[in-house]
Amino acid sequence: MRYTLLLLLLCPLFVLSQEAKSKVSVNTVKNSVRMGPMTGNLNLTFGVKNIIQEVLQDKGYSLVNKEEADLFVDVEIVYMDQQKTATNVSIFHKDENTVVIRMLGKLIDKQGKVVKKELVTDESSEISTSTLLISENGEFNSTVMRNALKKTCVQVVNKLI
């Protein structure tokens, strides 16, 4: 009985002693890619915004609207490209597709002052081998692109906060 009473009295202290994280809002995501199939793609900006919000929530930050936020995150997609490398020996074929993404992240306080600014570059690769020649269409593989976007967004948030 005493232990139960003691536990009930100490529980609020444990809750109050935990550090409250800041309220964050993802302010803007801008697509500044100038060449390629992702130039001006709004779906890319919405996807990056959702990934940034997911990463912030995973880190324990409260996502709020702009009026209630203590910190703002701005992200600019600066560069996105696919690098293809193909190797052929007789009937054996090896393709390596690498998606390279560069993002500029800014952490801004309530007064509009840039607290931190980070440029992050990351890539994701896919290697496929076969014994037949496969046509090369030059399109992005959605799985490789998603992996590269997720990795880059995680790095942006980790470096900013």
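Just so it is clear, the structure is predicted and the values come from calculations on it, not from any experiment. (Residues numbered from 1 in each chain as written. Predicted model: local features only at pLDDT ≥ 70, side-chain atom pairs only at ≥ 80, totals over all residues. Heavy atoms only, no water.)

*Asks:* Even after reading the chapter, I still don't get the pairing of strand β4 (residues 92-109), so can you show me in this structure?
*Replies:* Sheet faces and side chains relate simply in a regular strand, where the side chains alternate between the two faces. Among the 18 residues of β4, 13 are classified as buried, and the element is accordingly described as predominantly covered. Sheet topology places strand β3 (residues 71-89) next to β4; 18 bridges connect them, and they run antiparallel. Considered in β4, the bridge of V89 is made with F92. Here β3 folds back onto β4 in antiparallel fashion, the turn holding 2 residues, of which S90 has a positive phi close to 55 degrees. (Buried < 20%, exposed > 50% of the residue type's maximum accessible area, 1.4 Å probe, protein only. Helix = DSSP H or I, 4+ residues; strand = E, 2+ residues; numbered from the N terminus. Pairing = 2+ DSSP bridges.)

*Asks:* Which parts of the structure should I look at to understand the packing of helix α2 (residues 42-58) against helix α3 (residues 142-160)?
*Replies:* Each packed pair of helices is defined by two parameters, the angle between the axes and the distance between the axes. One way to put it is that α2 packs onto α3 with a least axis distance of 9 Å and a crossing angle of 50 degrees. In terms of orientation, α2 and α3 fall into the oblique class. Where α2 crosses over α3, the handedness of that crossing is right-handed. For the pair α2 and α3, contact is made by L44, V48, I51, I52, E54, V55 and L56 and by L149, K150, C153, V154 and V157, respectively. (Axes fitted to C-alpha atoms, helices over the stretch in contact; angles between N-to-C directions. Parallel < 35°, antiparallel > 145°, perpendicular 65-115°, else oblique. Left-handed = near helix turned anticlockwise from the far one by under 90°. Contact = heavy atoms within 4.5 Å.)

*Asks:* When you look at the pattern of salt bridges in this model, what are you seeing that I'm missing?
*Replies:* In a structure, side chains of opposite charge can pair up when their charged atoms sit close to one another. Inspection of every chain in the model, using the stated rule, returns 3 salt bridges. The salt bridge involving D70 is made with K110; its shortest N-O contact spans 3.5 Å. Taken together, the residues D70 in the loop between β2 (62-63) and β3 and K110 in the loop between β4 and β5 (114-130) connect sequence positions 40 residues apart. Residue D70 is classed as partly exposed on the basis of its relative accessible area, which comes to 29%. A residue is classified by how much of its surface remains accessible, and K110, at 53% relative accessible area, is exposed. Its salt-bridge partner being D122, residue K151 comes within 3.8 Å of it at the nearest N-O pair. Highlighted residues: K151 in helix α3 and D122 in strand β5, separated in sequence by 29 residues. Classification of K151 as partly exposed rests on a relative accessible area of 39%. (Salt bridge = Lys/Arg side-chain N within 4 Å of Asp/Glu carboxyl O.)

*Asks:* For this particular structure, what's the right way to read the side chain of T45?
*Replies:* Its location among the elements puts T45 in helix α2. Ignoring any residue separated from it by four or fewer positions in sequence, one finds T45 in contact with V29, K30 and N31.

*Asks:* Mind showing me how you'd approach the environment of K110 here?
*Replies:* A sequence separation of 40 residues divides K110 from D70, and the C-alpha atoms of the two residues are 5.6 Å apart. Not counting residues within four places of it along the chain, the set of residues in contact with K110 comprises A69, D70 and F72.

*Asks:* Can you help me understand α3 in this one?
*Replies:* Note on helix geometry: an α-helix contains 3.6 residues per turn, so any two residues three or four positions apart are oriented the same way. For α3, which comprises 19 residues, the first-to-last C-alpha distance of 27 Å matches the rise-based estimate of 27 Å (1.5 Å per residue) to within 8%. Among the residues making up α3, those that are buried are V144, M145, A148, L149, T152, C153, V156, V157 and L160. (Expected span 1.5 Å × (residues − 1).)

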